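Observations on the model geometry
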Amino acid sequence: MIVTRFAPSPNGPLHLGHAFSAIVAHDLAKARGGRFLLRIEDIDGERSRSELIAEFRADLAWLGLEWEEVPQQSSRLAVYAAAAERLRAQGLLYPCTCTRAQIAASARKIGPDGPLYAGTCKGRPPDPAMPAAWRLDVVEALRQTGALGWLDERAGPRAVRPEQLADVVLVRKDKSTPASYHLAVTLDDAADGVTLVTRGLDLFSATPIHRLLQELLGLPIPVWHHHPVLLGADGRKLAKRRGSPSLAALRQAGEDGRALADSLRAGRLPAGIAMGESLHIEP
Ligand code: GLU
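Remember that side chains alternate between the two faces of the sheet whenever the strand is regular. Side chains Trp150 and Asp152 of strand 8 (residues 149-152) all project onto a buried face; the interleaved residues Gly149 and Leu151 project onto a face where none is buried. Sheet topology places strand 8 next to strand 9 (residues 156-159); 4 bridges connect them, and they run antiparallel. Each bridged residue has a counterpart across the sheet, and for Asp152 the counterpart in strand 9 is Gly156. Counted along the chain from strand 8 to the antiparallel partner strand 9, the turn is 3 residues long.

On inspection of all chains with the given rule, the structure shows 2 aromatic pairs. Relative to Trp224, the ring of Trp150 lies with its centre 5.6 Å away and its plane at 75°, an arrangement referred to as edge-to-face. Residue Trp150 is found in strand 8, and its partner Trp224 is found in strand 12 (residues 223-227); the two are separated by 74 residues along the sequence. Judged by relative accessible area, Trp150 falls into the buried class, the value being 6%. Ring pairing ties together the aromatic residues Trp150, Phe204 and Trp224, which thus form one cluster. When the ring centre of Trp134 is taken as reference, the NZ or CZ atom of Arg88 above it lies at 4.3 Å. When the ring centre of Tyr117 is taken as origin, the NZ or CZ atom of Arg135, which lies over that ring, is 3.5 Å away.

To continue, consider the nonpolar core. Membership of the largest hydrophobic core comes to 38 residues, with the highest contact counts inside it found for Leu87, Leu136, Leu170, Leu183, Leu212 and Leu216. Counting residues per element, the ones that place at least two in this core are helix 3 (77-89), helix 5 (138-145), strand 10 (169-171), helix 6 (181-191), helix 7 (207-217) and strand 13 (229-231). The element best represented in this core is helix 7, accounting for 5 residues. With sequence-adjacent residues up to four places away left out, Leu212 is seen in contact with Leu136, Val138, Ala141, Leu142, Thr145, Leu148 and Leu165. Core analysis: the second largest hydrophobic core is formed by 30 residues, Phe6, Val24, Ala25 and Ala261 among them.

Okay, the pattern of salt bridges next. Under the defined criterion, the tally for this structure stands at 24 salt bridges. Note that Asp192 is salt-bridged to Arg39, the shortest N-O span being 2.8 Å. Residue Asp192 is found in the loop between helix 6 and strand 11 (196-200), and its partner Arg39 is found in the loop between strand 2 (35-38) and helix 2 (51-62); the two are separated by 153 residues along the sequence. Among the residues examined, Asp192 registers a relative accessible area of 9% and is labelled buried. The buried category is assigned to Arg39, whose relative accessible area is 0%. Where Asp234 meets Arg242, a salt bridge forms, and the shortest distance between an N and an O atom there is 3.8 Å. Several salt bridges share partner residues, and in doing so they unite Arg5, Arg39, Glu41, Arg76, Asp188, Asp189 and Asp192 into one network.

Criteria and cut-off values
- Residues numbered from 1 in each chain as written.
- Predicted model: local features only at pLDDT ≥ 70, side-chain atom pairs only at ≥ 80, totals over all residues.
- Heavy atoms only, no water.
- Buried < 20%, exposed > 50% of the residue type's maximum accessible area, 1.4 Å probe, protein only.
- Helix = DSSP H or I, 4+ residues; strand = E, 2+ residues; numbered from the N terminus.
- Pairing = 2+ DSSP bridges.
- Phe/Tyr/Trp six-rings, centres within 6.5 Å; stacked < 30°, edge-to-face > 60°.
- Lys NZ or Arg CZ within 6 Å of the ring centre and 35° of its normal.
- Core = buried A, V, L, I, M, F, W, Y, C linked by side-chain atoms within 4.5 Å.
- Contact = heavy atoms within 4.5 Å.
- Salt bridge = Lys/Arg side-chain N within 4 Å of Asp/Glu carboxyl O.

Below, the structure is given as structure tokens:
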């Protein structure tokens with residue numbers, strides 16, 4: 001059975017881009033007699049605002065969607081820690097004490113989320129006085145797994161290419177956010193039985209890392225569906241901080257959520273908003 005999910009982070013209110021993402025995941029599941037899950041990605045202990053969670057549910061109901069809710073990330077910290085321990089025992093993680101500024105200064109490539117880590121701390125004895133994050137040694141990881149591929153429903157078969165990967169953080173320095181997005185989302189999709197990972201093209205470049213983690217941790221391999229991302233008049237992803245209205249504001253202003261959902265389904269977008277099909281969408 002097909003199982004999709006919408007996995008918002010309660011760091012800010014949902015906007016039209018989130019509505020589109022939820023509708024795509026919902027409709028793909030419902031059209032094939034499957035299940036559509038809502039998972040609250042509240043891994044970021046400092047930025048998560050619990051009062052937004054009830055608002056998210058009200059937004060989805062207003063759009064006319066039906067979902068099943070699965071455990072939120074804050075309840076799964078022990079699972080993430082156990083997986084990190086397993087990878088550490090396999091010799092696949094190394095401690096990194098670099099600051100953000102050091103990473104930016106040493107980066108040779110810029111990835112979708114900023115500068116890609118150049119591997120500065122790899123093989124360097126850690127300074128025990130400094131807080132350390134734990135990074136995945138992707139060269140060693142790929143050596144252990146061998147060549148990997150993955151399938152996106154829209155983009156077709158893809159290969160995991162070593163040059164796309166950087167040594168991402170799996171365990172963060174910040175004790176209020178122990179696991180990184182990459183580790184948590186990969187474990188959660190497996191635990192929730194997600195068979196079709198549906199999300200925006202802005203996360204396309206994260207998928208090779210997730211595919212690698214699945215192989216290392218012996219998890220089932222889903223199919224992916226990276227959908228277009230709604231862009232504002234500036235050509236950038238919609239964002240609350242760039243003035244995109246929240247769904248809550250539209251709902252409270254008396255707009256018809258189901259009609260809005262149908263417009264998004266039909267590709268009728270509000271003035272100034274476009275569908276972005278690029279694989280390299282600026283966050
Ligand atoms: N929680 C992520 C976000 O809000 C989405 C993660 C995903 O769909 O893989 O951007």
